[in-house]
Amino acid sequence: MRTVLFLVLMSLNLFSAPEIWINQGAPIEEFKSYVYSEDGISIADYYLAAFEKRSVDQTLLLSKADFWSKTRPPSAVLDTEIQDLQKTYIFSASNRLVLFEFFKQNATGANSLCYLYANDSYLKTSEPFFDSNCGLSRISLADINSEFLKFDYLLIDGNRIDIRQSPYFFSSGQPHQFIFISDKYVTKEISSTVKLLKKTPISLEPWVEGSCDEVTKNNTALSDTVKIYFSKDCIQNAKPSTSGAMAFVSRNKYYILSGLLISLVALYVSSQYELGVTLH
């Protein structure tokens, strides 16, 4: 019976995610306070969590490091392989540590060592002498493009930066994986050097368009209804903008859940009957 209860609880958790909130211009402290009071999650925090779950499995990464140790490919090849990994994954702190230790011991000339190190607070505390070895420069987002200051967070090579508190990052000139995340604007993902990033045109696209009186467009592509915070006196809903299977699940999730629970109970009763157990 405990197995059935576990599956029931898992099913309930699947459909009881907190509501996702968008900020349409309210002061950040007011917005966050309201969202937390409603047991919700801001869309920036939602995407931060989603990106940070896209880390590389440590077993896969260790097997790659072992293969590189045996084959000893050139530094340029290693750099390319790391950049290829970042097309699919977001490096976690443990991912960066594994890669950094490999490069430190096996390929000290690789550019990867410096850009993995550049914005990792743990590595910079434990290996401070690499600051000078890598020739790091502090780069201001305002000097690159002031539009970046309108985002809330930057994930750079997997390192989270709160733009309001620290509107800068460190670089030694190599390409970085930049992900700009906001409670108001659609996420921007860019792989680039700082030099090329300065030349990249940036257009800000709101998660939703319209006013408190009428929301005209929803750019979130989320299957569930999203709450829009214009002010404490004006809360609106953005209708789901997906279609197909996910939209069907969203519209019918409670019916699906009910059917799932009935099926689980029926399966449990059937299994007990086959075993000759009398249910009380």
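Our subject is the structure listed above.
Residues numbered from 1 in each chain as written. Predicted model: local features only at pLDDT ≥ 70, side-chain atom pairs only at ≥ 80, totals over all residues. Heavy atoms only, no water.

> How would you sum up the overall build of the protein chain? Please name residues and give values.
Regarding its fold elements, the protein chain presents 13 helices and 12 strands. Of all 280 residues assigned to the protein chain, the portion counted as buried reaches 42%. Residue pairs in contact within the protein chain that sit at least 24 positions apart in sequence constitute 54% of those at least 6 positions apart. Surface exposure of the protein chain reaches about 15,600 Å², of which carbon and sulfur atoms provide 55%. (Helix = DSSP H or I, 4+ residues; strand = E, 2+ residues; numbered from the N terminus. Buried < 20%, exposed > 50% of the residue type's maximum accessible area, 1.4 Å probe, protein only. Contact = heavy atoms within 4.5 Å. Areas by Shrake-Rupley, 256 points an atom, 1.4 Å probe, with all protein chains shown as cover.)

> Could you give an account of the nonpolar core, naming the residues involved and the relevant values?
Counting 23 residues, the largest nonpolar core has I82, F91, L99, F103 and L113 as the members making the most contacts within it. Put simply, the parts of the chain that give this core at least two residues each are α4 (58-71), α5 (75-85), α6 (93-106), α7 (111-117) and α9 (130-134). When neighbours within four sequence positions are excluded, F91 is seen to be in contact with V56, I82, L85, Q86, R96, L99, L116, D157 and G158. (Core = buried A, V, L, I, M, F, W, Y, C linked by side-chain atoms within 4.5 Å.)

> Give a description of the environment of S192 that names residues and reports values.
Within the element layout of this structure, S192 appears in strand β8 (residues 188-192). What makes S192 buried here is its relative accessible area of 7%. Considered as a pair, S192 and Q177 are 15 residues apart in the sequence and their alpha carbons are 6.8 Å apart. With residues up to four places along the chain from it excluded, the contact list for S192 reads Q174, P175, H176, F178 and L197. Side-chain polar atoms of S192 contact the backbone nitrogen of L197, separated by 3.2 Å. (Polar contact = N/O pair within 3.5 Å; in protein donor to acceptor, adjacent residues only side chain to side chain.)

> Kindly report on the packing of α4 against α5, identifying the contributing residues and their values.
Two elements in contact, α4 and α5, have axes separated by 13 Å at closest approach and are oriented at 165°. Classified by the interaxial angle, the pair formed by α4 and α5 is roughly antiparallel. Where α4 crosses over α5, the handedness of that crossing is right-handed. Contacts from L61, K64 and W68 of α4 reach α5 at L78, E81, I82 and L85. A class-by-class count of the residues in the contact of α4 with α5 yields 5 nonpolar, no polar and 2 charged. (Axes fitted to C-alpha atoms, helices over the stretch in contact; angles between N-to-C directions. Parallel < 35°, antiparallel > 145°, perpendicular 65-115°, else oblique. Left-handed = near helix turned anticlockwise from the far one by under 90°. Nonpolar A, V, L, I, M, F, W, Y, C, P; charged D, E, K, R; others polar.)

> With reference to specific residues and values, describe the sheet that holds strand β4 (residues 153-156).
Read from one edge to the other, the open sheet built from 4 strands follows the order β5-β4-β7-β8, with strand pairing classed as antiparallel. The strands lining the two open edges of the sheet, one partner per strand, are β5 (159-162) and β8. Between one strand axis and the next, the sheet turns through 20° on average, direction left out of account. Summarising the sheet, β4 and strand β7 (residues 176-181) pair through 4 bridges and their orientation is antiparallel. Of the residues in β7, the one forming a bridge with L154 is F180. (Pairing = 2+ DSSP bridges.)

> I'd like to hear about the packing of aromatic side chains, residue by residue, with values.
Pairs of aromatic rings are described using the distance from one ring centre to the other and the angle between the two planes. Counting across every chain of the model gives 18 aromatic pairs. An angle of 75° between the planes, with centres 5.2 Å apart, marks the rings of F100 and F130 as edge-to-face. Taken as a pair, F100 in helix α6 and F130 in helix α9 lie far apart in primary sequence, 30 residues in all. With 5.4 Å between their ring centres and 70° between their planes, F169 and F178 make a pair best called edge-to-face. We note that F169, like F178, is buried. One aromatic cluster in this structure is built from F148, F151, F169, F178, F180 and Y185. The aromatic ring of Y153 is capped on one face by R164, whose charged end is 5.9 Å from the ring centroid. (Phe/Tyr/Trp six-rings, centres within 6.5 Å; stacked < 30°, edge-to-face > 60°. Lys NZ or Arg CZ within 6 Å of the ring centre and 35° of its normal.)

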